[in-house]
Amino acid sequence: MSQNREFFLRKLHSLLGVIPVGLFLLVHLGVNYFSVRGEEEYNQAVAFMEGLPFRYAMEIFIIFIPILFHAIYGLYIAFQARHNTGTYSYFRNWMFRLQRTTGVITLIFVAWHVWDTRIAAALGQEVNFDMMADIVANPVALVAYIIGITATTFHFANGLWSFAITWGITVSPRSQQISTYITLGIFVLLTFVGIRSILAFVM
Amino acid sequence: MSEKMIHLIITRQKDGEGGSYKEEFKLPYRENMNVISALMEIRRNPVNANGEDTTAVSWEASCLEEVCGACSMVINGKPRQSCTALVDQLEQPIRLEPMKTFPVVRDLVVDRSRMFDSLKRVKAWVPIDGTYDLGPGPRMPEAKRQWAYELSKCMTCGVCLEACPNVNDKSEFIGPAALSQVRLFNAHPTGAMHKAERLNTLMDGDGGLSNCGNSQNCVQACPKGIPLTTSIAALNRDTTLQSFKNFFGSDNNF
C-alpha cells in the first residue's frame, strides 16, 4: 500500500460514502419521518435514538469520522475538475457536475445542521419536535433545509450510481443505464421522505 | 458572378510561449472541401480577411482518412479530426482552435507526447522479445478478435482527453485512451501474461484509473466509437480484484 495511496484513498472515499455514511442517511431520514405521525411519536423516536447503547462510539466511528474524511477528500476531488457542460452538455456530464455541486452544498448544509442541532444539544439544548419546529418557523431556514435535503439525497443517489462503477459492479452500458433509472428512483423517493418530514414541523 | 466565400476564424500562437490571438480568413468556396484543404488554401495564399499578408497557419496532418489522429483540433467548439470535418457540413464562420489539453507548439499544432508517454507507462504492447523462439502463442477466438478490434481502433488523437473534465492542469489523470489500451492488451492471449503488471501500474502513483469521475464525455466524443467507459468500468472490476490479491496475498497473482 506504499505506492498506491491515491487508489486506496479514492476507493475508501467511494466506500465510506455508502457504508456507513449512506446507511446512516437512510436511518436518519427514516427516523425523521416520525414527525409526520405527530409530535408525541417523534419525541419518542428521538428519545430512543438518544438512548441507544454505545451512542458516542457510534456517533464518532459511524458518523463523524467517515463524514469528515468523505467531505475533506471529496472537496479535493470536486475542485480538481474543470467543468465543461457548456461544450459537452450530455446527461452524464451534467450529473458529474451536479454530483460535485451538491456535494459542496451538502457539506455546508450538514455543517450548519450539526451546529444547530447536535452541537446545540451538546451545549444543553433538548432535541425534540419543538426544537425543529422553532428552527423551520423561519422561512429562510425552511428553504435552506429543503435545498439541503434535496442536495443530500441527490448526492447519495447519484453517488450510488458511480459507486457501482468504481467497484466494477456495473460494467456494461446497459447495466449502467438501468442503474441510472434505479438511482434516480431512489433520489425521488428519498427526497419525498425528507421534504415531507421537514414540512410536518410547519403544518 | 458573386463568389461564395468560406469564413474561417483561427486561434493562432507563434510558439509555445503563449500569447494566442485570433485571425480571420476568407477563402473562395470550392466543392467538397474539408478543413485541411481550406488550411492548404491559406498556405498557398497567406492573406487574412483584411487583405494583409500574414504567415501561413501551421497544422498537422498525415493520413487524411481519420486513422492517424494527427490533425485533431477544436472545430466550432468540439475536438475532432480536421480531415473528416467537411466544410459543407460546418456552420460558418468556422472556428479553429488548438486542443487546450496539450501544449501548443505553433498555431494548431499541439504536442501529444503525454499520450505516448502514457502508453509506455502502461506497457501498451505485447512483449515477444526473448532469448529463444517463443513459438506462435495461443489462439484467440474469432468473436473475441472482432471485439478487441474495436478497442484497437484508438489512434491516440487526444479527443477523449480534451473532452474529459478531469484531464486538466490541476490533475494528473492519465485519461481514457491509455486505460482502454490496458484492457485491449490484457485481453490479448499473450498480452495477458503481463496482466497484473499493467493493472498495478494503473493503481500506483497519482493520476491513475481511480481519477476517473464518470462524466462519460470520452465515450461520446471518441471519433472511433471506442467503448471507453466500458473499458474503464471493466478495469475498475479488475483493479478491485487485483488490490484484494495484493493485500491479502494470492497464489494466482500475475
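Residues numbered from 1 in each chain as written. Chains lettered and ligands numbered in written order. Predicted model: local features only at pLDDT ≥ 70, side-chain atom pairs only at ≥ 80, totals over all residues. Heavy atoms only, no water.

1. A few points about the domain arrangement of chain B
Residue and element names in this part refer to chain B.
- Domain boundaries assigned for chain B yield domain 1 (5-110) and domain 2 (113-248).
- Centre-to-centre, using C-alpha coordinates, domain 1 lies 31 Å away from domain 2.
- Listed as interface residues are 13 residues of domain 1 and, on the opposing side, 11 residues of domain 2.
- In total, domain 1 and domain 2 occlude about 1000 Å² of area from one another, counting both sides; carbon and sulfur atoms represent 56% of this.
- When the area that domain 1 buries against domain 2 is broken down by residue, the three leading residues are Pro79, Thr101 and Phe102, summing to 44%.
- Run the count over domain 1 and domain 2 and you get 2 salt bridges.
- One salt bridge connects Glu162 with Lys100, and the closest N-O pair in it is separated by 3.3 Å.
- Linking domain 1 with domain 2 are 4 residue pairs in polar contact (both at pLDDT 80 or more), by the criterion used here.
- Counting residues per element, the ones that place at least two in the side of domain 1 that touches domain 2 are β3 (72-75) and β4 (78-81).
- With 3 residues, the single largest contributor to the side of domain 1 that touches domain 2 is β4.
- Tallied by class, residues from the side of domain 1 that touches domain 2 come to 6 nonpolar, 4 polar and 3 charged. (Domains from an automatic or database assignment. Contact = heavy atoms within 4.5 Å. Buried area = accessible area lost by both parts, 1.4 Å probe. Salt bridge = Lys/Arg side-chain N within 4 Å of Asp/Glu carboxyl O. Polar contact = N/O pair within 3.5 Å; in protein donor to acceptor, adjacent residues only side chain to side chain. Helix = DSSP H or I, 4+ residues; strand = E, 2+ residues; numbered from the N terminus. Nonpolar A, V, L, I, M, F, W, Y, C, P; charged D, E, K, R; others polar.)

2. Thoughts on the nonpolar core
All names here are of chain B.
- If you look at the biggest cluster of nonpolar residues, it comprises 31 residues, and the most contacted ones within it are Val122, Leu161, Leu179, Leu202 and Leu235.
- Listed by contribution, the elements that provide at least two residues to this core are α3 (142-152), α4 (159-163), α5 (176-187), α6 (195-203) and α8 (228-248).
- A domain-level breakdown of this core finds at least three residues from each of domain 1 (5-110) and domain 2 (113-248).
- Each residue touching Val122, except ones within four places of it in the same chain, is listed here: Ile174, Ala178, Val182, Arg198, Thr201 and Leu202.
- Listed in part, the 23 residues of the second largest apolar core include Val57, Trp59, Cys71 and Leu108. (Core = buried A, V, L, I, M, F, W, Y, C linked by side-chain atoms within 4.5 Å. Buried < 20%, exposed > 50% of the residue type's maximum accessible area, 1.4 Å probe, protein only.)

3. Description of the sheet that holds strand β5 (residues 94-97) of chain B
Residue and element names in this part refer to chain B.
- Taking strand neighbours across the sheet as the criterion, the 5 strands line up as β2-β1-β5-β3-β4 in an open arrangement whose pairing is mixed. In this open sheet, the two strands that pair with only one neighbour each are β2 (21-28) and β4. For this sheet, the mean angle separating the axes of adjacent strands, direction not counted, is 35°.
- Alignment of strand β1 (residues 5-12) against β2, held across 8 bridges, turns out to be antiparallel. (Pairing = 2+ DSSP bridges. Axes fitted to C-alpha atoms, helices over the stretch in contact; angles between N-to-C directions.)

4. Here's the deal with the side chain of B:Glu41
Residues and elements named next belong to chain B.
- Structurally, Glu41 is set in helix α1 (residues 35-44).
- Looking at Glu41, its side chain comes within polar contact range of the side chain of Arg44, at 2.8 Å.
- Beyond its immediate sequence surroundings of up to four residues, Glu41 is in contact with Leu27 and Arg30.

5. A word on the packing of aromatic side chains
Residue and element names in this part refer to chain A.
- Considering all chains together, one arrives at 13 aromatic pairs over all chains under this definition.
- Measuring from ring centre to ring centre gives 5.8 Å for Tyr42 and Phe129, while their planes differ by 80°; the resulting arrangement is edge-to-face. Of this pair, Tyr42 sits in helix α3 (residues 39-50) while Phe129 sits in helix α6 (residues 129-137), and the two are 87 residues apart along the sequence. Here Tyr42 and Phe129 have matching classes, each one buried.
- Note on Phe69 and Tyr73: the rings are 5.7 Å apart at their centroids and 10° apart in plane angle, and the pair reads as stacked. (Phe/Tyr/Trp six-rings, centres within 6.5 Å; stacked < 30°, edge-to-face > 60°.)

6. Describing helix α2 (residues 21-32) of chain A
- Between its first and last C-alpha, α2(A) extends 16 Å over 12 residues, near the 16 Å set by a 1.5 Å rise per residue.
- Considered for burial, the residues of α2(A) that qualify are A:Val21, A:Gly22, A:Leu25, A:Leu29, A:Val31 and A:Asn32. (Expected span 1.5 Å × (residues − 1).)

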